[in-house]
Every structure is written in C-alpha cells, then in structure tokens.
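Fold and contact review
Take a look at the letters that make up each chain.
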Amino acid sequence: MSLLTNVMDHSLDDGYAEAAARKKAAGESGMPKTLRAKLGLAAGLVLAALVVTVGAAQARVAAPVVAKERQELIDRIDKETTSADKLEGTVDELRDDVSARQRAVLKTSGGSGQADLVSMLSGATAVHGPGVKLVVDDAKEASTGGGDNPRETADFSDTGRVRDRDMQRVVNGLWAAGAEAVSINGQRLTALSAIRAAGDAILVDNRPLVPPYTVLAVGDGKRLSTRFQDGADGLYLHALEDNYGIRATIAVESDLRLPAAPSVIVRTAQPRTEKGTS
C-alpha cells in the first residue's frame, strides 16, 4: 500500500521536476523571445493556414467536377450494359432459331426416330433421365485466399484450385464410364465442346465457369458412379482430394435435366450416303 501511495505522490521523476524548476527560475519558455523569431513563427503559421485554405478551396471547386465525371462514367456503364444485354438476347434467339432449323433438317432427312437419336447425342436437344451429379470445388484454403477472388494468385498448379485439365479428365472419365449426355454448370457438352484455361479461369466453349463446378451426367446412375470412381479418372480425382484439398461429391440421381447446347454448327463435315455395296 505504501508503494502505491509513493507512486501517486511522486508521479514525476525527481530529476525531471528539478530540471523544470531550473528552467522556470531562469525565465526560459517555449516561445521565441526576439522579434525576428516571433515574426518567423507568425509567418510560418500564416503560410500553414494559407496552404490549408487553398487546399480546401481546390477540393471544393473540384468536387462537382469529380462528381460529374463519376456520374457520366456510371451512365456510360449502364448504357453499355443494357446494349450488351440486348445483344446477348439477340444471340440467344439466333441460337434457338439455328437449333430449330437443325432439328427440322434432321427430321426430314432420316426419319423421326433417327433424328431424335442424333439430336440427343449431338447435344442439339434437351434431355432428361437418371444419372449422377458430381460437384467439384476448390480447396477451402484456395477459396479464402487471394482476396475476394480465389483465382487472383498467379500459381495455377498446386494452390488447391481446380484446373482445366482436371475438368477434362473428369468429363472424359464420365464419358468412358457410360455417360450419354454431360453438362457443366448448365452448359451442355457436345463433340465440338472445348474445356480450356484463359489465365486463371476455366472456359467451356469460351464461357467462363465459376466454382463450384456442377457436372451432370445422364446414364445408368449406379453403374455410372461405380465405373467412374473405380476408373483412372475417378482415382485421379480422389488423389486431388487427398493431396491438394480439392472437394468433390458424387450422388446418384433419379432424374436429371440437361439443357440443349446453344448451337451445334458444322461447317465442313458432310453426311455420307450409302448408295449400295459393291
């Protein structure tokens, strides 16, 4: 208790107190004494006040200009976004028209049953049926790293992120296991589809995908799931889970619905007609 009392009574060190007393006795203070020093201090204060005043005035003058430029930029972005939405709608309409014309040609050329089969296998028409739902996602560490975007890091090899060649192996494994139709994040795959990388993004037919990647495959569900997981590509996916923290779940579904591909256009290949055998 005596120690606390001593600290409260002598909060200022004796040496500091003695120096302050000497300075006070000598008449020293922090203010300048000479006229020149006082004028210098006043000039400095006036200059500082002038700088602050000029800065505030410039900020006030520039504020409306900045606000106007910002609003013009927002209006331009809104205008371009509206234009892009209209163009996208036009593209979708043209794709639907192309798909309808293709289905009509198939029906007139080879009979309704054959046309439906070709249309389903080519991805030109929507399908449904049993199959498997496979969801592949980046590792948790990759999803929380790199700021708001888990794909901002430059290294695309062992950061726990799913790569384009990983998705290629998954899809090829499903085809090999007996899948009859496959889609990724709602995009139907066809014989002309390409899965590739552009920077750190995975593209399917030039459309970027966002994880998690949901792969739907129509086929004999239980058999498809077993054959895929026991195959080389399924084991490859398990290795990604064990070594890099990639997350994957597979489930057998009783009824999956896959959309038609936006467009299936063939410009070079021609159907071969058999006129007879020699």
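The structure displayed is predicted, hence computed values, not measured ones.

The subject of this paragraph is the sheet that holds strand β4 (residues 195-198). Spatial ordering of the open sheet is given by β4-β5-β6, a layout of three strands whose pairing is antiparallel. In the strand order of this sheet, the two ends are held by β4 and β6 (207-208), each with one partner. Where β4 meets strand β5 (residues 201-204), four bridges bridge the pair, whose relative direction is antiparallel. Of the residues in β5, the one forming a bridge with Ala198 is Ala201. Strand contacts of helix α6 (residues 164-177): β4 and β5, with the helix running at about 170 degrees to β4, the strand carrying the most contacts.

Let us look at the confidence of the model for the chain. Per-residue pLDDT for the chain has a mean of 78; in total, 70% of the residues score no lower than 70. Note on residues 143-157: pLDDT is under 50 here. Beyond four places in sequence and across chains, it has 30 contacts.

Further remarks concern unusual backbone geometry. Omega for the peptide link from Pro211 to Pro212 comes to 0 degrees, which places this bond in the cis form. Tracing the chain through its elements places Pro212 in the loop between β6 and β7 (213-218). Even without being a glycine, Asp205 presents a positive backbone phi close to 55 degrees. Tracing the sequence through the fold places Asp205 in the loop between β5 and β6. Non-glycine residue Asn206 carries a positive phi angle of around 65 degrees. Tracing the backbone through its elements, the reader meets Asn206 in the loop between β5 and β6. Given a relative accessible area of 57%, Asn206 falls into the exposed group.

Right, let's talk about the packing of helix α7 (residues 221-230) against helix α8 (residues 232-244) for a bit. Viewed as axis vectors pointing N to C, α7 and α8 meet at an angle of 65 degrees, and their least axial separation amounts to 4 Å. Considered as vectors, α7 and α8 are oriented roughly perpendicular to each other. For the pair α7 and α8, the contacting residues are Phe228, Gln229 and Asp230 in the first and Ala232, Asp233, Gly234, Leu235, Leu237 and His238 in the second. Looking at side-chain class alone, the contact of α7 with α8 contains four nonpolar, three polar and two charged residues.

Moving on to the packing of α6 against α8. Two elements in contact, α6 and α8, have axes whose closest approach is 8 Å; the angle formed by their N-to-C orientations is 145 degrees. Here α6 runs over α8; the crossing is left-handed. Along the contact surface, α6 presents Asp166, Arg169, Val170, Asn172 and Gly173, while α8 presents Ala232, Asp233, Tyr236, Leu237 and Leu240. For the contact of α6 with α8, the per-class residue count stands at five nonpolar, two polar and three charged.

Together, Asp85, Glu88, Asp92, Glu93 and Asp96 make up a negatively charged patch on the protein surface. Structurally, the position occupied by Asp92 is in helix α3 (residues 35-110).

Core analysis: the largest hydrophobic core is formed by 27 residues, its most contacted members being Met167, Leu174, Ile184 and Leu237. Residue contributions to this core peak at five residues, all from α6. When sequence neighbours within four positions are dropped, the list of residues in contact with Met167 reads Val162, Ile184, Ile195, Ile202, Tyr213 and Val215. Val127, Leu216, Leu256 and Leu258 belong to the second-largest nonpolar core, a separate cluster that totals six residues.

Secondary-structure assignment places Asp233 in helix α8. Non-local contacts of Asp233, meaning those with residues more than four positions away in its chain, are made with Arg169, Asn172, Gly173 and Phe228.

One pass over the structure, following the stated rule, counts four salt bridges. A salt bridge links Asp166 to Arg163, with the shortest nitrogen-to-oxygen separation between them at 2.9 Å. Residue class for Asp166 comes out buried when judged on its relative accessible area of 2%. Given a relative accessible area of 10%, Arg163 falls into the buried group.

Along the chain, Ser225 falls in helix α7. Accessibility expressed as a relative area gives 8% for Ser225, which makes it buried. Only 2.9 Å separates the side chain of Ser225 from the side chain of Gln229, close enough to count as a polar contact. Look past the residues within four positions of Ser225 in its chain and what remains in contact with it is Val132, Ile250 and Val252.

Definitions and limits used
- Residues numbered from 1 in each chain as written.
- Predicted model: local features only at pLDDT ≥ 70, side-chain atom pairs only at ≥ 80, totals over all residues.
- Heavy atoms only, no water.
- Pairing = 2+ DSSP bridges.
- Helix = DSSP H or I, 4+ residues; strand = E, 2+ residues; numbered from the N terminus.
- Contact = heavy atoms within 4.5 Å.
- Axes fitted to C-alpha atoms, helices over the stretch in contact; angles between N-to-C directions.
- pLDDT = per-residue confidence, 0-100.
- Buried < 20%, exposed > 50% of the residue type's maximum accessible area, 1.4 Å probe, protein only.
- Parallel < 35°, antiparallel > 145°, perpendicular 65-115°, else oblique.
- Nonpolar A, V, L, I, M, F, W, Y, C, P; charged D, E, K, R; others polar.
- Left-handed = near helix turned anticlockwise from the far one by under 90°.
- Patch = residues over 30% accessible without salt bridge, like charges linked within 9 Å, V, L, I, M, F, W, Y side chains within 5 Å.
- Areas by Shrake-Rupley, 256 points an atom, 1.4 Å probe, with all protein chains shown as cover.
- Salt bridge = Lys/Arg side-chain N within 4 Å of Asp/Glu carboxyl O.
- Lys, Arg positive; Asp, Glu negative; His and termini not counted.
- Charge placed at Lys NZ, Arg CZ, Asp CG, Glu CD.
- Core = buried A, V, L, I, M, F, W, Y, C linked by side-chain atoms within 4.5 Å.
- Polar contact = N/O pair within 3.5 Å; in protein donor to acceptor, adjacent residues only side chain to side chain.

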